[in-house]
Amino acid sequence: QVQLVESGGGVVQAGGSLRLSCAASGRIFSVYTMGWYRQVPGKERELVATISAGGTTVYADSVKGRFTISRDNAKNTAHLQMNNLKPEDTAVYYCKAERRSGITGYAEYWGQGTQVTVSS
């Protein structure tokens, strides 16, 4: 079982940067797809970025070119570097670990979330 803990959230002015970190427990971290999602009160949680076990990345159009997702399998960590932040980036950011295998194999785990607030 994987346990995830996010850190690095805070308050930043528009145009600034933040780096979110996700620390994962478990010796099989390297086989999981890692992702960052965000949610605003009253709205659906949305995908921000994912990185597969092989290093393939996917970004939401709204953050492409500004955010970078990365992982360090040796340290069981994933990160989200956020540059040129905009007020619309304000949300609670969640780390997710997901694994699919075979026909029926599936598991997902979520962190507790970390608040990111971007002021104008």
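Everything in this summary refers to the structure shown in the same document. Values in this document were obtained by computation on a predicted structure and should not be read as measured data. (Residues numbered from 1 in each chain as written. Predicted model: local features only at pLDDT ≥ 70, side-chain atom pairs only at ≥ 80, totals over all residues. Heavy atoms only, no water.)

**Observations concerning the nonpolar core**
A general trend in soluble globular proteins is that nonpolar side chains are found buried together.
Here comes step 1: Core analysis: the largest hydrophobic core is formed by 31 residues, its most contacted members being Leu4, Met34, Trp36, Leu80, Met82 and Tyr93.
Here comes step 2: Those elements that provide at least two residues to this core are β3 (18-25), β4 (33-39), β5 (46-51), β7 (67-72), β8 (77-82), β9 (91-101), β10 (105-110) and β11 (114-119). (Core = buried A, V, L, I, M, F, W, Y, C linked by side-chain atoms within 4.5 Å. Buried < 20%, exposed > 50% of the residue type's maximum accessible area, 1.4 Å probe, protein only. Helix = DSSP H or I, 4+ residues; strand = E, 2+ residues; numbered from the N terminus.)

**Observations concerning unusual backbone geometry**
Here comes step 1: The backbone of Asn76 sits at a positive phi, close to 55 degrees, despite the residue not being glycine.
Here comes step 2: Along the chain, Asn76 turns up in the loop between β7 and β8.
Here comes step 3: The backbone of Asn84 sits at a positive phi, close to 50 degrees, despite the residue not being glycine.
Here comes step 4: Inspection of the secondary structure puts Asn84 in the loop between β8 and β9.
Here comes step 5: Relative accessible area serves as the criterion here: at 42%, Asn84 is assigned to the partly exposed category.

**Let's talk about the sheet that holds β8**
Here comes step 1: With antiparallel pairing, 4 strands are arranged side by side in an open sheet as β1-β3-β8-β7. Each edge of the open sheet carries a strand with a single partner, namely β1 (3-7) and β7. Neighbour-to-neighbour, the strand axes of this sheet turn through a mean angle of 15 degrees, independent of strand direction.
Here comes step 2: As paired elements, β7 and β8 share 6 bridges and run antiparallel to each other. Bridged to Ser70 within β8 is His79. (Pairing = 2+ DSSP bridges. Axes fitted to C-alpha atoms, helices over the stretch in contact; angles between N-to-C directions.)

**Regarding the pairing of β9**
Here comes step 1: Pairing analysis gives 7 bridges linking β4 to β9, with the strands arranged antiparallel. Counted as the bridge partner of Thr33 is Glu98 from β9.
Here comes step 2: Pairing between β9 and β11: 3 bridges, direction antiparallel. Looking at β11, one finds that Tyr93 is bridged to Thr114.

**Considering the state of the cysteines**
Here comes step 1: This structure, assessed with the given rule, holds 1 disulfide.
Here comes step 2: Note on cysteine connectivity: Cys22 is disulfide-linked to Cys95, with sulfurs 2.1 Å apart. Here Cys22 and Cys95 share a disulfide; its torsion about the S-S bond, -85 degrees, makes the bridge left-handed. Of the two residues, Cys22 sits in strand β3 while Cys95 sits in strand β9, which places them 73 residues apart along the sequence. As far as burial versus exposure is concerned, Cys22 and Cys95 are alike and both buried. (Disulfide = S-S within 2.5 Å.)

**Examining the packing of aromatic side chains**
Here comes step 1: Scanning all chains against the criterion turns up 3 aromatic pairs.
Here comes step 2: Between Tyr94 and Trp110 the ring centres are 6.5 Å apart and the planes differ by 85 degrees, which places this aromatic pair in the edge-to-face class. Residue Tyr94 is located in strand β9, and its partner Trp110 is located in strand β10; the two are separated by 16 residues in the primary sequence.
Here comes step 3: The class for Tyr94 is buried, based on a relative accessible area of 14%.
Here comes step 4: Under the relative-accessibility criterion, Trp110 is labelled partly exposed at 31%.
Here comes step 5: By way of ring pairs, the aromatic residues Tyr37, Tyr94 and Trp110 are connected into one cluster.
Here comes step 6: Across the ring face of Tyr94, the terminal group of Arg45 is positioned such that the distance to the ring centre comes to 3.7 Å.
Here comes step 7: Note that Arg45 overlies the ring of Trp110, its terminal NZ or CZ placed 4.7 Å from the centroid. (Phe/Tyr/Trp six-rings, centres within 6.5 Å; stacked < 30°, edge-to-face > 60°. Lys NZ or Arg CZ within 6 Å of the ring centre and 35° of its normal.)

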